[in-house]
Structures are given as structure tokens and as C-alpha cells.
Amino acid sequence: MTSDLKSLNRTEAILSAKEIISTHRAIVVLTGAGISAESGVPTFRGKDGYWKNYKAEELATPAAFESDPQLVWEWYDIRRRKLLNVKPNPAHYAIAELEKKSDDFTLITQNVDGLHLIAGSKTALEIHGNIWRVRCTYCGIKEENTQTHFEGLPRCTSCGGLLRPDIVWFGEALPEEVLTEVYNSLNRCDVLIIVGTSGIVQPAASFAYTAKNNGSKVIEVNIEETYLSDISDVKVLGKAGEVLPKIVGGMD
Ligand code: BV8
Ligand code: ZN
């Protein structure tokens, strides 16, 4: 059955995805940078991705922040400024729509851009944090912070400690409480829909296997083959902003 499903053309794949989603109850969606690509947010490993232009893999680490907090904050400031003119795209809205139509729905996102929340998603588990939140490196206070064009290093208003982006960097553990919710949803879901992720970063990439092992159907939406394509039951090759509204649309 799986191999048959794989060789579907896009329309057949969309119909098959619709069929699976409308006949199964507990739905989990996992998104990566690809879902924000059509909003104009660079992906990480794409041709114009962050990893290419800013040596991001050296910046999104505690060591980088330790040795040059100014450089790391400049990189996040650049990303924040870009996000000021960025809006959710039809893919984000389709997922918010799917949540409204489902009575058992969880959204897990690797993205830190906050676009799912702006598009109206209620249950977005932001496993890598959020670029618009900061955390004090001294007293641990977390707060929303929409500042851009930073002058020097941002300081905590209550203790004067150095603020850092409240984002999970490479080598840092994902927040325990979020991971608990993630695994609760994956261990009982009937369908996992993976959108716009290369399946490289762990532990997010392993979530697909957790769902599969519990007997869940796996649907992948991406513009190309990824490391997760082999375990997907249905692979919808196409831009998320184009195919997701078709998959979710017309479902009552
Ligand atoms: C941890 C915040 C342990 C930063 C991010 C070797 C093997 C295995 C694992 C490791 C290893 N070495 C190190 C590790 C662990 C490491 C890891 O996975 N490294 C990778 C690079 C191998 N992971 C970690 O360090 C994690 N922590 O393991 O902790 C631990 C435990 C206890 C105690 C201490 C430590 C933390 C990982 C979190 C890193 N932070 N983000 C920031 O944003 O500034 S990850 C970063 O990558 C983003 O969050 C991004 O979302 C995420 C994943 O990338 P993707 O979303 O997949 O993006 P990518 O560009 O790769 O792909 C985009 C996809 O979209 C492509 O497939 C493309 O085809 C598709 N696409 C493009 N356009 C569209 C589209 N699809 C549809 N429509 C379109 N229009
Ligand atoms: Zn503080």
C-alpha cells in the first residue's frame, strides 16, 4: 500500500492526504523552515539559506554567544528586522483552519518566527523557542521583546543581566515541558503531517519515527525528497502554500 501511495501524482497525493486526514481523529502537524519560505523567510539549508549566508551553524550555539554576544545579537537583529515585513502565508492559515476543524489537534513547529501564532494557530508547540522572546542569562526571567536595531547588548530590566534570545541553540536541550507535550501527542496520533522540513535536525526529525511506531499514518509536504520521505505514507510534492489549502480546503 505504501509504495502504491508513493507513486501518486500531485493531485492523487492531495486527494489521498485529504482522505487520510478526514477519516482519522488525532492529528499532529510538524513544521520546519519550509513552511515560512513563501512568506519570504530564508530556510536554513536552502540555496539562499541562513546557514549559507551567515554561517548560522556557528552562530546558533551557546559557545558563539559566550565568545561574541554582540555578533550573535546582530544576527538575530537582522532576522528580526526581516520578520517585521513578513506575514503568514496560505500554508500557515491552512494549518490554523485544520486545527479549527479537528477535535484532537497538535501543532509542533521548529520555527522561531512566530508566524503560526500570527496566523491563528492556538496550540503551536514552539520546540526551538521564539525569536520575539528573550531570557535573562542571570536571573532567568523570560519576556516578550519586539525590539530591533539594538544599540549595544540588551540588559535585563530587573537584574541588569545580559539578555539572550529565548531560542534553543545547537547543543542545548529542548524545554522539558514542551517535549512532554510533543511526545504525548506523537504517541497517540493517528496522522502526522510533516511540512517543510529537511529532517536533519534532531530530535525533531525523530518525531516522525515516534509517530510511525505508534501506527500513525505519515503525510509529507515538501518541494523535494527529504530524509523523512521514506517513512511517509503519502508524499505531496509541492509548495506548502499551494498544496496545504487544497488538502485542508473543502473538508467539513
Ligand atoms: C540537542 C533555533 C541534546 C536556532 C534550531 C549528529 C547527529 C544527530 C544529531 C546531532 C549531531 N550533532 C549534533 C546533533 C544534535 C543537533 C542536530 O540535530 N544537529 C544537526 C545539524 C545534525 N541538535 C541539537 O543540538 C538540538 N539539541 O540535541 O540537545 C541535549 C540533550 C540534553 C542536554 C544537552 C543537549 C537542538 C536543535 C535546535 C537547534 N535550533 N533553531 C535559530 O533559528 O536561530 S534548528 C533550525 O533548524 C531551525 O529551527 C529550523 O527550523 C530547524 C530545522 O531545519 P528545517 O526546519 O528542516 O529547515 P531546512 O532549511 O533544513 O529545510 C527546509 C525544508 O523546507 C527543506 O526540506 C526544503 O525542501 C523545504 N521547503 C523549502 N521551501 C518550501 C519547502 N517545503 C514546502 N514548501 C516550500 N515552499
Ligand atoms: Zn535578570
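Chemist: What exactly am I supposed to notice about the environment of P62 here?
Modeler: Mapped onto the elements, P62 comes out in helix α5 (residues 62-67). Judged by relative accessible area, P62 falls into the partly exposed class, the value being 32%. As for P62 and W169, which are separated by 107 residues in sequence, their C-alpha atoms are 6.6 Å apart. Residues contacting P62, with those up to four places away along its chain left out, are W169, F170 and E172.

Chemist: Looking at this structure, how should I read the domain arrangement of the protein?
Modeler: Buried accessible area, meaning the area lost when the parts come together, often serves as the stated size of an interface. We note that the domain assignment places domain 1 (3-41 + 88-128 + 174-248) and domain 2 (46-85 + 135-167) within the protein. One C-alpha centre belongs to domain 1, the other to domain 2, and the line joining them spans 28 Å. Taken together, the contacts link four residues of domain 1 with five residues of domain 2. Each partner contributes to the roughly 380 Å² buried at the junction of domain 1 and domain 2, and carbon and sulfur atoms together form 70% of this total. Sorting the residues of domain 1 by area buried against domain 2 places V41, V112 and H128 first, and these three jointly supply 69% of that buried surface. Across the contact surface, domain 1 and domain 2 share zero salt bridges. Here domain 1 and domain 2 share zero residue pairs in polar contact (both at pLDDT 80 or more) between them. A breakdown of the residues in the side of domain 1 that touches domain 2 according to their chemical character gives two nonpolar, one polar and one charged.

Chemist: Even after reading the chapter, I still don't get the pairing of strand β8 (residues 217-222), so can you show me in this structure?
Modeler: Regular strands show a simple pattern: their side chains alternate between the two faces of the sheet. Of all the six residues making up β8, five are buried; the element is thus mostly covered by neighbouring parts of the structure. Sheet analysis places strand β7 (residues 191-195) next to β8, joined by five bridges and oriented parallel. Paired with V191 across the bridge in β8 is K217. For the handedness criterion, the β-α-β arrangement of β7, helix α10 (residues 207-213) and β8 is classed as right-handed. Bridge analysis of β8 against strand β9 (residues 234-237) gives four bridges, and the strand direction is parallel. Following the sheet pairing, V221 is matched in β9 by V236.

Chemist: Quick question: what am I supposed to make of the coordination of the zinc ion (ligand 2) here?
Modeler: Ideal geometry at a metal centre: 109.5 degrees between donors when four sit tetrahedrally, and 90 or 180 degrees when six sit octahedrally. The zinc ion (ligand 2) binds to the protein through C136 (SG), C139 (SG), C156 (SG) and C159 (SG); the donor distances cover 2.2 to 2.3 Å. Here the zinc ion (ligand 2) is ringed by four donor atoms whose angles at the metal span 99 to 119 degrees, and the overall shape comes out tetrahedral. Counting along the primary sequence, the residues that act as donors to the zinc ion (ligand 2) give the motif C-x2-C-x16-C-x2-C. Here C139, found in the loop between β4 (129-136) and β5 (142-144), pairs with C159, found in the loop between β5 and β6 (163-167); they are 20 residues apart in sequence, far enough to count as distant. On the basis of relative accessible area, C139 is assigned to the partly exposed category, the value being 36%. Residue C159 is classed as partly exposed on the basis of its relative accessible area of 35%.

Chemist: Can you help me understand the packing of helix α2 (residues 10-22) against helix α11 (residues 240-248) in this one?
Modeler: Each pair of packed helices gets described by two things: the angle between the helix axes and the distance between those axes. Interhelical geometry of α2 versus α11 gives an angle of 45 degrees and a closest axis separation of 8 Å. Judged by the angle between their axes, α2 and α11 are oblique. The way α2 lies across α11 gives a crossing that is right-handed. Here R10, I14, A17, K18 and I21 of α2 lie close against α11, whose contacting residues are E242, V243, K246 and I247. Here the residues of the contact of α2 with α11 sort into five nonpolar, no polar and four charged.

Chemist: Before we go on, may I ask you to explain the site of ligand 1 in this structure?
Modeler: Lining the immediate surroundings of ligand 1 are 36 residues, of which R45, Y76, R79, T197 and S198 lie closest. The separation between an oxygen atom of ligand 1 and a polar main-chain atom of G34 is 3.5 Å. For ligand 1, an oxygen atom lies 3.1 Å from a polar atom in the side chain of E224. Computed on the free molecule, ligand 1 has an accessible area of 1500 Å², of which 74% lies beneath the protein chains in the complex. By residue number, the principal contributor to the shell around ligand 1 is helix α6 (residues 69-84), which donates three residues. Broken down by class, the residue content of the shell around ligand 1 amounts to 16 nonpolar, 14 polar and six charged.

Chemist: Would you explain α6 in this entry?
Modeler: The terminal C-alpha atoms of α6, which comprises 16 residues, lie 22 Å apart, in line with the 22 Å expected from a rise of 1.5 Å per residue. Those residues of α6 lying buried are P69, V72, W73, W75, Y76, D77, R79, R80 and L83.

What counts and what doesn't
Residues numbered from 1 in each chain as written. Chains lettered and ligands numbered in written order. Predicted model: local features only at pLDDT ≥ 70, side-chain atom pairs only at ≥ 80, totals over all residues. Heavy atoms only, no water. Helix = DSSP H or I, 4+ residues; strand = E, 2+ residues; numbered from the N terminus. Buried < 20%, exposed > 50% of the residue type's maximum accessible area, 1.4 Å probe, protein only. Contact = heavy atoms within 4.5 Å. Domains from an automatic or database assignment. Buried area = accessible area lost by both parts, 1.4 Å probe. Salt bridge = Lys/Arg side-chain N within 4 Å of Asp/Glu carboxyl O. Polar contact = N/O pair within 3.5 Å; in protein donor to acceptor, adjacent residues only side chain to side chain. Nonpolar A, V, L, I, M, F, W, Y, C, P; charged D, E, K, R; others polar. Pairing = 2+ DSSP bridges. Right-handed = clockwise from strand over helix to strand, strands pointing away. Donors = N, O, S within 2.8 Å, 3.2 Å for Na, K, Ca; no water. Tetrahedral: all angles 85-135°; square planar, octahedral: opposite > 155°, others 65-115°. Axes fitted to C-alpha atoms, helices over the stretch in contact; angles between N-to-C directions. Parallel < 35°, antiparallel > 145°, perpendicular 65-115°, else oblique. Left-handed = near helix turned anticlockwise from the far one by under 90°. Near = heavy atom within 4 Å. Areas by Shrake-Rupley, 256 points an atom, 1.4 Å probe, with all protein chains shown as cover. Expected span 1.5 Å × (residues − 1).

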